[in-house]
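Survey of secondary and tertiary structure
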Amino acid sequence: GTGTCPGIQSEARLQFRKCNTQSCTSFYDKQGYLTCKSKIDLIIMLDGSGSVGWYGWYMTKIFANRLIEHLDAANVQVSLQVFGGPWTWTSYTKCIGGASESPDMKKDCDIEWISHFTNDTAALAKKASGLSYPSSTTLTSVALGEAEAELVYGREDASPVVLVVTDGLPLSQERTRAAAAKLQEKARVIWVPVGSSAPVELVEELASLPKSENTIRIGNFYYMSYKYYINKVIMQACPTLR
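What you see is a predicted model, and the numbers here were worked out from it, not measured in a lab.

1. A short note on the nonpolar core
Core analysis: the largest hydrophobic core is formed by 43 residues, its most contacted members being L42, I44, L80 and L163. By residue number, the principal contributor to this core is helix α1 (residues 53–69), which donates 7 residues. What I44 contacts, discounting residues up to four positions off in sequence, is L67, I68, V78, S79, L80, Q81 and L163. Of all hydrophobic cores here, the second largest spans 27 residues; its members include W113, A143, A147 and A207.

Here it is in structure tokens:
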């Protein structure tokens, strides 16, 4: 026929309804935190670019540590990635696949897997506290591609979730949009833009639908240690709490 069909995520065919609107206070532990006990494969991506700064990186590590501490090891598998970006045009070309030679992700692209999928959340939380600060550029597009590749090692019966914590613009917005769209086909993608310079409008484009639930803005690095934001991430990423 000659008719047209709206896209899968078009507002013309996709609608949302609120659910689980009750208070979560009954699920808090003695310290006031929620714990994720959903069966999810969670990839945490931490922006380690120079714009984050040393204080921002310190607070990012606290955020990651406390978040991972409150993932139930019996149900959650978690991977942790720290991403920066290349310093030279030659390295950038290699990282985006424009050279004959394959890149070394750590050496050329400054993207490192601290851990692939594991349920040893206690050990990984401890690692998160001691992460080195890359202080480089922001090759978000390739980091998202690496996250997509990591999903291959997830569990068939677990829901895949990718959490991206970032404070600034990627080196290529076009490539990042394309990588995020591709990743959304395989996982729920939640973005946490941090600080006054965070590209909130761009991030909202990159997040899974509904945007309001998959974009969690933190206005200042100082607030990353607040229970409110750690609990908010857990509430959004995990349907089942305790």
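Once you've had a look at it, read on.
2. Considerations on helix α5 (residues 173–184)
Along its 12 residues, α5 runs 16 Å from first to last C-alpha, staying within 8% of the 16 Å computed at 1.5 Å per residue. Looking at α5, one finds that the buried residues are T176, A179, A180, L183 and Q184. Down the axis of α5, the sector holding all buried residues measures 135°, keeping them to one side. Residues of α5 that are buried sit in contact with α4 (140–150), β4 (159–166), β5 (188–193) and α6 (200–206). Among the residues of α5, the N-terminal cap falls to S172, whose side-chain oxygen and the backbone nitrogen of R175 are separated by 3.1 Å.

3. Comments concerning the pairing of β5
Burial of β5 is extensive: 5 of the 6 residues sit out of reach of the surface. Where β4 lies against β5, 6 bridges are found, and the strand directions are parallel. Each residue of the ladder has a partner; that of L163, found in β5, is I190. Considered for its hand, the β-α-β crossover made up of β4, α5 and β5 is right-handed.

4. Focus: the pairing of strand β2 (residues 77–83)
By the criterion of burial, β2 is predominantly enclosed, with 7 of the 7 residues buried. What you see with β2 is no split at all: Q77, S79, Q81 and F83 on one side and V78, L80 and V82 on the other are buried throughout. With 7 bridges joining them, strand β1 (residues 40–47) and β2 adopt parallel strand pairing. Bridged to M45 within β2 is Q81. In terms of handedness, the path from β1 via α1 over to β2 forms a crossover that is right-handed.

5. Here's the deal with a nonpolar patch on the surface
Taken together, the side chains of Y55, Y58, Y222, Y223, Y226 and Y228 make up a nonpolar region of the molecular surface, amounting to roughly 660 Å² of accessible area. Relative to the helices and strands, Y223 resides in the loop between α7 (211–214) and α8 (227–237).

6. Points about unusual backbone geometry
Excluding glycine, residues mostly have negative phi values, and the peptide bonds linking residues are mostly trans. Omega for the peptide link from L209 to P210 comes to -5°, which places this bond in the cis form. Position of P210 relative to the elements: it lies in the loop between α6 and α7. A positive phi angle is found at D110, which is not glycine, with a value near 55°. Mapping D110 onto the fold places it in the loop between α2 (89–95) and β3 (111–118). When its relative accessible area of 12% is taken as the criterion, D110 is described as buried. With phi around 50°, S135 is a residue other than glycine that occupies positive phi space. With respect to the helices and strands, S135 occurs in the loop between α3 (121–129) and α4. In this structure S135 comes out as partly exposed when scored by relative accessible area, which is 26%.

7. Side note on the sheet that holds β4
Here 5 strands make up an open sheet; going across it, the order is β3-β2-β1-β4-β5 and the pairing mixed. A single partner strand is all that each edge strand has here, and the edge strands are β3 and β5. The mean inter-strand angle of the sheet, taken between neighbouring strand axes irrespective of direction, is 15°. Relative to β4, β1 runs parallel, the two sharing 7 bridges. Bridge pairing links I40 to S159 in β4.

8. Quick look at the state of the cysteines
The full count for this structure, using the stated rule, is 2 disulfides. Two residues share a disulfide in this structure: C36 and C238, whose sulfurs sit 2.1 Å from each other. Linking C36 and C238, the disulfide has an S-S dihedral of approximately -100° and is accordingly described as left-handed. Of the two residues, C36 is situated in the segment before β1 and C238 in the segment after α8; the sequence distance between them amounts to 202 residues. We note that C36, like C238, is buried. One disulfide in the model links C95 with C109; its S-S distance is 2.1 Å. When the S-S torsion is -110°, as for the bridge of C95 with C109, the disulfide is left-handed. Within this pair, whereas C95 is found in helix α2, its partner C109 is found in the loop between α2 and β3, the two being separated by 14 residues in sequence. For C95, a relative accessible area of 7% puts it in the buried group. In the protein, the bonded cysteines, taken in the order they occur along the sequence, pair up as 1-4, 2-3.

Rules used throughout
- Residues numbered from 1 in each chain as written.
- Predicted model: local features only at pLDDT ≥ 70, side-chain atom pairs only at ≥ 80, totals over all residues.
- Heavy atoms only, no water.
- Core = buried A, V, L, I, M, F, W, Y, C linked by side-chain atoms within 4.5 Å.
- Buried < 20%, exposed > 50% of the residue type's maximum accessible area, 1.4 Å probe, protein only.
- Helix = DSSP H or I, 4+ residues; strand = E, 2+ residues; numbered from the N terminus.
- Contact = heavy atoms within 4.5 Å.
- Expected span 1.5 Å × (residues − 1).
- Arc of directions from axis to C-beta.
- Polar contact = N/O pair within 3.5 Å; in protein donor to acceptor, adjacent residues only side chain to side chain.
- Pairing = 2+ DSSP bridges.
- Right-handed = clockwise from strand over helix to strand, strands pointing away.
- Patch = residues over 30% accessible without salt bridge, like charges linked within 9 Å, V, L, I, M, F, W, Y side chains within 5 Å.
- Areas by Shrake-Rupley, 256 points an atom, 1.4 Å probe, with all protein chains shown as cover.
- Salt bridge = Lys/Arg side-chain N within 4 Å of Asp/Glu carboxyl O.
- Axes fitted to C-alpha atoms, helices over the stretch in contact; angles between N-to-C directions.
- Disulfide = S-S within 2.5 Å.

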